[in-house]
Amino acid sequence: MSIRQAMLALLEQGPMYGYQLRAEFEQRTGATWPLNVGQVYTTLARLERDGLVIGEGADAVGHLMYRVTETGRAAASDWFATPVPREQPPPRDELAIKLAIAVTLPEVDVQAVIQQQRTATMRALQDYTRLKRDGRAADPQAPEDLAWSLVLDSLVFDAEAEIRWLDHCETRLRRAAALMATDGATASTAHIPTAPLTEEAAR
Amino acid sequence: MTTAPTTHAPILQIDTVTRVHGTGAGEVHALRGVSLNVNPGELVAVMGPSGSGKSTLLNLAGGLDQPTSGRVLVEGVDLVGLGNAGRARIRRTSVGYVFQDFNLIPALTARENVALPRELNGEGPRAARAAAEQALAEVGLGELADRFPDDMSGGQQQRVAIARAIVGQRRLILADEPTGALDTETGEQVLRLLRTRCDAGAAGVLVTHEARHAAWADRVVFLRDGLVVDEAGYDDAAHLTAAGAAYGTNPSPGGAG
C-alpha cells in the first residue's frame with residue numbers, strides 16, 4: 001500500500017518520529033489499515049536510503065526525528081497529482097469468483113449463498129454505520145475527524161455496492177430460471193429458485 | 001436474537017400475516033405468512049425489490065390495509081377487531097407515518113401541519129399547537145414553525161413530516177422510503193431523527209431499498225415475493241466484528257509526546 005507516500009505527505013507538516021507518524025496516520029484513517037511501528041521505522045529507513053527523508057537525530061527525550069527533503073516533497077506532490085490506477089488485472093474478488101463457480105454447479109444452492117453473504121455484509125454495514133453515528137466521526141469538527149468519517153463512508157459505499165450487486169444477481173438468476181422453465185429445461189435448473197413468473201409461464 | 005429490551009411487550013406485532021389481492025386466476029399473494037415484532041427502542045428496516053410486499057407490510061402495520069389472515073397488534077390492540085373508526089383512532093394516537101413525498105398540506109404552516117392529527121383527535125387548538133411546537137423543536141425546526149411547506153427545502157419538509165409523525169408521543173413510527181427524495185447528507189439527518197426517536201423508546205419500521213439507510217436499523221428484514229428470506233440483526237456482543245471494534249479505537253493525536 002501507499003504508506004510511503006502517505007508518510008512523506010504527513011512529514012510535510014514538520015519533522016516527526018515514528019510513533020507520531022503512526023498516530024497522525026491513524027487519526028485520519030481510524031484503525032482501518034493498522035500500521036505497526038516496526039513497519040513505520042522500516043519505511044522511514046527506506047525513504048532515507050532513497051533520499052526522500054533525512055534523519056535529524058534524537059530530540060531532547062530521545063525520539064529519532066525525520067524530516068522530508070525537497071525530493072521527498074516533489075514525490076508527495078506527484079502522488080497527489082497522479083490518479084490511483086485501477087489494478088489490471090483487477091484484484092481477486094473472492095465473492096465474485098464464488099458466485100461465478102456456484103451458478104454453474106447444480107448442487108449448490110446459489111440463493112442461500114447470496115442470502116448468507118447479504119446478511120453478513122449488512123451486519124458489517126451496520127457496524128460502520130454505528131461508528132459513523134457515534135464517536136468522533138458523527139459530528140466531525142477537526143479535519144482529521146472529517147477525514148476519518150470519509151474513510152468510513154468509503155467502507156459504507158463498498159458494502160452497499162456489494163449488497164446491490166447481490167440483489168442484482170438474485171434478480172437475474174430468478175429471471176434466468178423463469179426463462180429456462182418456459183423453455184422446458186427444468187431438471188438442470190432445479191437449484192435456482194423460481195420466481196412467481198413461472199406460475200404465469202406454466203400453462 | 002435481538003438487542004431490543006425484553007422488559008416491555010412489542011409495540012408492533014405482526015403475526016403470520018397473509019395478504020391476497022384479487023381472486024382466482026388474478027390472485028396476487030402480497031404477503032405469504034410474515035411475522036415481525038418490533039419492540040420499544042427498536043428500529044427495524046424492511047428491504048426488498050418492488051413487489052416484494054414492503055409497502056403492504058407497512059400499510060397493514062398502520063391499519064391502512066387489512067390482512068387476509070393473521071393478526072396485527074399495535075400496543076397490544078388487535079387492529080383487525082377494531083373496525084374502521086377504531087383503526088382511524090389508533091392512527092391518530094399511536095401511529096406516525098412518514099412518506100417519501102412528505103405529504104404535507106401546502107395551505108398550512110409547519111406548526112399547523114404538525115398540530116393537525118392532534119386537533120383531529122379532539123384536542124383543543126392551543127394544546128395541539130404547543131405539542132406541535134415541541135415536536136418541531138425536537139427535529140430542529142423550532143424557528144420555522146410559521147413557514148409554509150413551499151418555502152422550505154425538501155429536507156426541512158421531511159423533518160416537519162417527522163415532527164407530525166412523533167407529535168403527542170406516538171410510539172410507532174412507520175416510514176416509507178423517507179429519504180427517497182433527499183440527497184445523501186439530508187437523508188442521513190432524517191435517519192438520525194428516526195434513530196433518536198427510537199432510542200428514546202419508540203418503535204420504528206423503515207421501508208427502504210438503500211442498504212446504506214437500512215444499516216441505521218437494529219434489524220434488517222429482507223422480503224421477497226411476500227416472504228421474509230433473511231434477516232440481519234445487530235447485536236453488540238455478537239456482531240461487532242474485530243474490524244468494527246478496531247475502528248472504535250480513538251487514537252490520541254500526536255502520539256505519546
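Predicted model only: the values in this text are computed from it and were never measured. (Residues numbered from 1 in each chain as written. Chains lettered and ligands numbered in written order. Predicted model: local features only at pLDDT ≥ 70, side-chain atom pairs only at ≥ 80, totals over all residues. Heavy atoms only, no water.)

1. A few points about the sheet that holds strand β2 (residues 28-38) of chain B
Residues and elements named next belong to chain B.
Now for step 1: Strand order across the open sheet formed by four strands is β2-β1-β4-β5, with antiparallel pairing between neighbours. Whereas interior strands pair on both sides, the edge strands pair on one side only; in this sheet they are β2 and β5 (77-78).
Now for step 2: Contacting β1 (12-21), β2 and β4 (69-74), helix α1 (residues 54-61) crosses the sheet at an angle of about 125° to β1. (Pairing = 2+ DSSP bridges. Helix = DSSP H or I, 4+ residues; strand = E, 2+ residues; numbered from the N terminus. Contact = heavy atoms within 4.5 Å. Axes fitted to C-alpha atoms, helices over the stretch in contact; angles between N-to-C directions.)

2. Some remarks on the domain arrangement of chain A
Residue and element names in this part refer to chain A.
Now for step 1: Partitioning chain A into domains gives domain 1 (3-81) and domain 2 (94-182).
Now for step 2: The C-alpha centroid of domain 2 is placed 35 Å from the C-alpha centroid of domain 1.
Now for step 3: In this complex, domain 1 contributes seven residues to the contact, which on the side of domain 2 involves six residues.
Now for step 4: Summed over both partners, the interface of domain 1 with domain 2 buries about 550 Å², with 58% contributed by carbon and sulfur atoms.
Now for step 5: Three residues stand out in domain 1 for area buried against domain 2, namely Gln-27, Arg-28 and Thr-32, and they jointly supply 71% of the buried area on that side.
Now for step 6: Linking domain 1 with domain 2 are one salt bridge.
Now for step 7: Across the pair Arg-28 and Glu-144 runs a salt bridge whose closest N-O atoms are separated by 3.6 Å.
Now for step 8: Summed over the shared surface of domain 1 and domain 2, the result is three residue pairs in polar contact (both at pLDDT 80 or more).
Now for step 9: Looking at the side of domain 1 that touches domain 2 residue by residue, the classes come out as one nonpolar, four polar and two charged. (Domains from an automatic or database assignment. Buried area = accessible area lost by both parts, 1.4 Å probe. Salt bridge = Lys/Arg side-chain N within 4 Å of Asp/Glu carboxyl O. Polar contact = N/O pair within 3.5 Å; in protein donor to acceptor, adjacent residues only side chain to side chain. Nonpolar A, V, L, I, M, F, W, Y, C, P; charged D, E, K, R; others polar.)

3. Some thoughts on a nonpolar patch on the surface
Now for step 1: Where nonpolar side chains cluster on the molecular surface, the patch consists of Ile-97, Ile-101 and Leu-105 of chain A and spans about 240 Å² of accessible area.
Now for step 2: Its place among the elements puts Ile-97 of chain A in helix α5 (residues 94-102). (Patch = residues over 30% accessible without salt bridge, like charges linked within 9 Å, V, L, I, M, F, W, Y side chains within 5 Å. Areas by Shrake-Rupley, 256 points an atom, 1.4 Å probe, with all protein chains shown as cover.)

4. Focus on the packing of α5 of chain A against helix α7 (residues 143-182) of chain A
Residues and elements named next belong to chain A.
Now for step 1: Following both chains from N to C, one finds α5 and α7 inclined at 10°, their axes separated by 12 Å at the closest point. By the angle class used here, α5 and α7 are roughly parallel. Mapping the contact onto sequence places Leu-95, Ala-96 and Leu-99 in α5 and Glu-162, Trp-165, Leu-166 and Cys-169 in α7.
Now for step 2: Among the residues forming the contact of α5 with α7, the class breakdown is six nonpolar, no polar and one charged. (Parallel < 35°, antiparallel > 145°, perpendicular 65-115°, else oblique.)

5. Focus on the packing of aromatic side chains
The description of an aromatic ring pair uses the distance of the two centres, along with the angle that the planes make with each other.
Now for step 1: Summed over the entire model, instances satisfying the criterion amount to two aromatic pairs over all chains.
Now for step 2: When the ring of Trp-79 of chain A is compared with that of Phe-80 of chain A, the centres are 5.1 Å apart and the planes differ by 45°; the resulting orientation is tilted.
Now for step 3: On the accessibility criterion, Trp-79 of chain A (28% relative accessible area) is partly exposed.
Now for step 4: Between the aromatic rings of Tyr-97 of chain B and Phe-99 of chain B, the centroid separation amounts to 5.1 Å while the plane-to-plane angle is 10°, which identifies the pairing as stacked.
Now for step 5: Since its relative accessible area comes to 25%, Phe-99 of chain B is described here as partly exposed.
Now for step 6: Sitting over the ring of Phe-222 of chain B, Arg-118 of chain A keeps its end group 4.7 Å from the ring centre. (Phe/Tyr/Trp six-rings, centres within 6.5 Å; stacked < 30°, edge-to-face > 60°. Buried < 20%, exposed > 50% of the residue type's maximum accessible area, 1.4 Å probe, protein only. Lys NZ or Arg CZ within 6 Å of the ring centre and 35° of its normal.)

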